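Chain by chain, the residues run as shown.
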Amino acid sequence: MNPAAHRFGQRWAERFAAVRRRLVRVRHFRGHGVHSPFVYSLVREVFMRSALMPGDRTLFRALREAGVAERSAVQLQNLAIREGYRAFGLNRAEGELYVALRELPQAEVLALAARAAVSGAAVAVLEPSRGRERQALCRRLVAEHRSTSVDNRACLLLFNNRLPKQHFVL
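Please read these numbers as outputs of a predicted model, since none were measured by experiment. (Residues numbered from 1 in each chain as written. Predicted model: local features only at pLDDT ≥ 70, side-chain atom pairs only at ≥ 80, totals over all residues. Heavy atoms only, no water.)

Any chance you could explain the overall build of the protein here in plain terms?
What the protein contains, in helices and strands, is six helices and six strands. The secondary structure elements of the protein, listed N-terminal to C-terminal, are α-α-α-α-β-β-α-β-α-β-β-β. Of all 170 residues assigned to the protein, the portion counted as buried reaches 41%. Of the contacts made within the protein by residues no fewer than 6 positions apart, 52% connect residues no fewer than 24 positions apart. Carbon and sulfur atoms make up 54% of the accessible area of the protein, which totals about 10,200 Å². (Helix = DSSP H or I, 4+ residues; strand = E, 2+ residues; numbered from the N terminus. Buried < 20%, exposed > 50% of the residue type's maximum accessible area, 1.4 Å probe, protein only. Contact = heavy atoms within 4.5 Å. Areas by Shrake-Rupley, 256 points an atom, 1.4 Å probe, with all protein chains shown as cover.)

Shown next, in the form of structure tokens:
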């Protein structure tokens, strides 16, 4: 077989998979299909914004310095502003929002989520779909989590608040 033909077929398979992923998620576009007022407002006020909300930019700067994509950094900063999180910890249990970057080992992510459940802090696990191990870790976190969780493909958010156990994939 011609190597160029193999690459051509592989590209078609990748494109087909990307279209399929978009079609599966199209029903959630702009918050349709989300029946939680908390998550609906989260989608409208945080995930659909491309610019930073007025307020502190400390988290945004720290995430950008750590190599996080600008869109993800904007979303997490807007989440912190919207929810009133004044302090945060990158790869550590500190403040009201714990952010687990992609290089944090699995055992430490689990320990971070356990500490957040005890303290009532929120957890953001960046790049939940990056590799099979990371996907399995995030599925485990969602299964063990006792409150609302939101996966928007850029990060998995685990809220430790009074809301019931629900999982939203946007």
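Sorry, what's going on with the side chain of Thr 148 here?
Mapped onto the elements of the fold, Thr 148 is located in strand 4 (residues 148-151). By relative accessible area, which is 1% here, Thr 148 ends up buried. With sequence-adjacent residues up to four places away left out, Thr 148 is seen in contact with Val 39, Leu 157, Leu 158, Phe 159, Leu 163, Pro 164, Gln 166 and Phe 168.

Would you take a moment to explain the nonpolar core for this structure?
The nonpolar side chains of a soluble globular protein tend to be buried, and buried together. Leu 59, Leu 63, Leu 76, Val 99, Val 150, Leu 157 and Phe 159 are the most contacted members of the largest nonpolar core, which has 31 residues in total. Secondary-structure elements contributing two or more residues to this core are helix 2 (37-47), helix 3 (58-65), helix 4 (70-83), strand 1 (88-90), strand 2 (97-100), strand 3 (122-126) and strand 5 (155-158). In terms of residues, this core owes the most to one element, helix 2, which gives six residues. Excluding residues within four positions of it along the chain, Val 150 makes contact with Val 39, Leu 42, Phe 47, Cys 155, Leu 156, Leu 157, Phe 159, Phe 168 and Leu 170. By size, the runner-up hydrophobic cluster in this structure holds 17 residues, among which are Tyr 98, Leu 110, Cys 138 and Leu 158. (Core = buried A, V, L, I, M, F, W, Y, C linked by side-chain atoms within 4.5 Å.)

I'm lost on helix 3 in this one. Help?
Every α-helix carries 3.6 residues per turn, so stepping three or four residues along brings you back to the same face. Listed as buried for helix 3 are Leu 59, Phe 60, Ala 62 and Leu 63. Projected onto a plane normal to the axis of helix 3, the buried residues spread over an arc of 165° and lie on a single side. On its buried face, helix 3 sits against helix 4, strand 1, strand 2 and strand 3. Looking one or two residues beyond helix 3, the residue adopting positive phi is Gly 67, at roughly 90°. (Arc of directions from axis to C-beta.)

What exactly am I supposed to notice about the packing of helix 5 (residues 106-119) against helix 6 (residues 132-144) here?
The description of two helices packed together rests on the angle between their axes and the distance between the axes. Between helix 5 and helix 6, the least distance of the axes is 11 Å, while the angle of their chain directions is 20°. Here helix 5 lies roughly parallel to helix 6, going by the angle between them. Between helix 5 and helix 6 lies a crossing of right-handed hand. Contacts from Gln 106, Val 109, Leu 110 and Ala 113 in helix 5 reach Arg 134, Leu 137, Arg 140 and Leu 141 in helix 6. Residues of the contact of helix 5 with helix 6, tallied by class, amount to five nonpolar, one polar and two charged. (Axes fitted to C-alpha atoms, helices over the stretch in contact; angles between N-to-C directions. Parallel < 35°, antiparallel > 145°, perpendicular 65-115°, else oblique. Left-handed = near helix turned anticlockwise from the far one by under 90°. Nonpolar A, V, L, I, M, F, W, Y, C, P; charged D, E, K, R; others polar.)

Where do I start with the pairing of strand 3 in this structure?
Working note: regular strand, side chains alternate between the two faces of the sheet. Within strand 3, five of the five residues are buried, leaving the element largely enclosed by the surrounding structure. Alternating positions in strand 3 separate into two faces, Ala 122, Ala 124 and Leu 126 on one and Val 123 and Val 125 on the other, with burial throughout. Note that strand 2 and strand 3 share four bridges and pair parallel. In the sheet register, Val 99 faces strand 3, and the bridge partner there is Ala 124. With helix 5 bridging strand 2 and the parallel strand 3, this β-α-β connection has right-handed handedness. Pairing of strand 3 with strand 5, which is carried by four bridges, proceeds in the antiparallel orientation. Opposite Ala 124, over in strand 5, you have Leu 157 as the bridge partner. (Pairing = 2+ DSSP bridges. Right-handed = clockwise from strand over helix to strand, strands pointing away.)

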